[in-house]
Every structure is written in structure tokens, then in C-alpha cells.
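# Examination of the molecular architecture
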Amino acid sequence: MRKNLLLRSGSLLLVSLLLAGCVSVPDSIKGTSPTPQQDLARVLNAPQIYVGQESRFGGKVVKVTNKDGLTRLEIAAMRLDESGRPILGTPSIGRIYADIHGFADPVDLNSQMVTVVGTIKGTEKGQIGQASYQFVTVAVTGYQRWRLTQQVVSPQPPMDPWIWYGPPRGRHRGGYWGPPPGTMFYNQGPAEVQTILTE
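Residues numbered from 1 in each chain as written. Predicted model: local features only at pLDDT ≥ 70, side-chain atom pairs only at ≥ 80, totals over all residues. Heavy atoms only, no water.

### Let's talk about the overall build of the protein chain
Defined as follows: The helix count covers DSSP runs of H or I at least four residues long, the strand count covers runs of E at least two residues long, and both are numbered beginning at the N terminus. Accessibility here uses a 1.4 Å probe with only protein chains present; expressed as a share of the type maximum, an area under 20% marks a residue as buried, one over 50% as exposed, and anything in between as partly exposed. Only heavy atoms matter for contacts: two residues are in contact if any of them lie within 4.5 Å across the pair. To be clear on the numbers: accessible area is Shrake-Rupley with a 1.4 Å probe, and residue cover counts the displayed protein chains and nothing else.
Scanning the protein chain from N- to C-terminus turns up four helices and eight strands. For the protein chain, the sequential pattern of α-helices and β-strands runs α-α-α-β-β-β-α-β-β-β-β-β. The buried share of the protein chain, taken over its 199 residues, is 32%. For the protein chain, contacts bridging at least 24 residues in sequence account for 62% of all contacts bridging at least 6. Accessible surface for the protein chain amounts to roughly 12900 Å². Of this, 56% is attributable to carbon and sulfur atoms.

### Looking at the nonpolar core
Where a protein is soluble and globular, its nonpolar side chains tend to be buried together. So the rule is basically this: Among the buried residues, those of types Ala, Val, Leu, Ile, Met, Phe, Trp, Tyr and Cys that are joined through side-chain atoms within 4.5 Å form a nonpolar core.
Membership of the largest hydrophobic core comes to 20 residues, with the highest contact counts inside it found for Leu73, Ile75, Ile96, Ala98 and Val136. Counting residues per element, the ones that place at least two in this core are helix 2 (40-45), strand 1 (54-67), strand 2 (70-78), strand 3 (94-101), strand 4 (113-128) and strand 5 (131-153). Excluding residues that lie within four positions of it along the chain, leucine 73 makes contacts with Val61, Lys63, Val64, Ile96, Tyr97, Ala98, Ile100 and Leu109. Ile29, Val117, Trp146 and Leu197 belong to the second-largest nonpolar core, a separate cluster that totals seven residues.

### Thoughts on the packing of aromatic side chains
Selection rule: Side-chain rings of Phe, Tyr and Trp (the six-membered ring for Trp) are treated as a pair once their centres are within 6.5 Å; stacked means planes under 30 degrees apart, edge-to-face means over 60, and tilted covers the remaining angles. A positively charged side chain is recorded as over a ring if its NZ (Lys) or CZ (Arg) lies within 6 Å of the ring centre. The angle to the ring normal must also be within 35 degrees.
Counting across every chain of the model gives two aromatic pairs. On the basis of an interplanar angle of 10° and a centroid distance of 4.0 Å, the ring pair of tyrosine 97 and phenylalanine 135 is categorised as stacked. Note that tyrosine 97 is positioned in strand 3 and phenylalanine 135 in strand 5, a separation of 38 residues in sequence. Seen from their ring centres, tyrosine 133 and phenylalanine 135 are 4.9 Å apart, and the 75° between their planes marks the pair as edge-to-face. Note on tyrosine 133: relative accessible area 22%, which makes it partly exposed. The class of phenylalanine 135 is buried, set by a relative accessible area of 0%. Counting every residue linked through ring pairs, the aromatic cluster contains Tyr97, Tyr133 and Phe135. When the ring centre of tyrosine 97 is taken as origin, the NZ or CZ atom of arginine 72, which lies over that ring, is 4.3 Å away.

### Comments concerning the pairing of strand 1
Selection criterion: Paired strands are those between which DSSP finds at least two bridges.
The sheet contact formed by strand 1 and strand 4 spans seven bridges and is antiparallel. Bridge pairing in strand 4 places glycine 58 opposite threonine 115. Note: strand 1 against strand 2, nine bridges, orientation antiparallel. Bridge pairing in strand 2 places lysine 60 opposite alanine 76.

Structure follows, in C-alpha cells:
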């Protein structure tokens, strides 16, 4: 019994380590710095300090403007997870202008979820509706457009309920192996559908 419990614990640990190892930032938005700046509030508070530093920001593309030799994305930035994906359902933490060298078709980017990596150029005055706003501007060196997909998540598997209930070890009279009386030891709920971002 103890051997089975150790095997199950070891298997769960191995699966957890493998899943943790799978979390990586795509090459398109890795950049050259081991820790690109991702704290937009900090940059907005003192933009002059961060000019020239590499950054990684992401969120929803609100507007695409094509100029000669340049495509500007206005992005409602969101917090990013460990793999550089915007965290769905979180509020906007501010707006940025992301300048992509060359032409990018608005049809491919408008209202899409993206992450950009590039050098912070400073701030630029702009408008959100009728309000003036200081946008952090980024010279983009790489970007990743994310696709919204749905996945089915099954309920948690049962945990091993077989533990000893009763007198101390060596005195087995009146005890039993099993789950606590009257408890459900597995989740009978339905599977859930989650929306996630994929490459």
C-alpha cells in the first residue's frame, strides 16, 4: 500500500515538473534580454529611465495605423503569463503604441491578442476617445499573434481514499481501511470548457 502511494506521488511530481518545463516564451517574442521590462505602470511613471531598454508587452489590438514603411498598433496592454501570453479576463493596465517596421495588414491584427517585444522609445501624446493619454512607444523587433481556442477540462481525478481509520497501528480491532464515512472522494462534476491562447 505504501509502495503504491509513493508511486502515485512520484508520478504526480514528474507530471508537474514536465508541465512546468513546457512553459516557454516563443522565439518570436524572446528578444535578446533575459528579463525584458514588462511593468507598464513603472515605465509610465518614469519613461525617460527606460528609453532604450528592451520590453515585452501584450494585450488586445485596439487600432492599426499604416504609414509609409511602418505599421503602428495601439494595444490595450494586459498582464502576461510566464510564456508571454496576455492573461485572459484581466483588465487593461494601460495603452502602448507598438511600431512594426514595414507593412502589416490591419485585417490580420485588428482586435487580435498579441505580444510584442522591442525597444522602449519613450512616450507620445495621443487620444483615447476624447481624453488625452501618454502612450509608451515601442520599436518592435518581434511579435506574436495569439489564437483564441477552447479546451475541455475534466474534473480532478480521485485521490487515494484508502487510509486507516481506527485504533493505532498494531491494534486493528474496530478500525477499517477506506474513505471517511459519508464522504465523496472524487469530483462528479461536469467537464468545463476554457478559452485559452495558443500560437
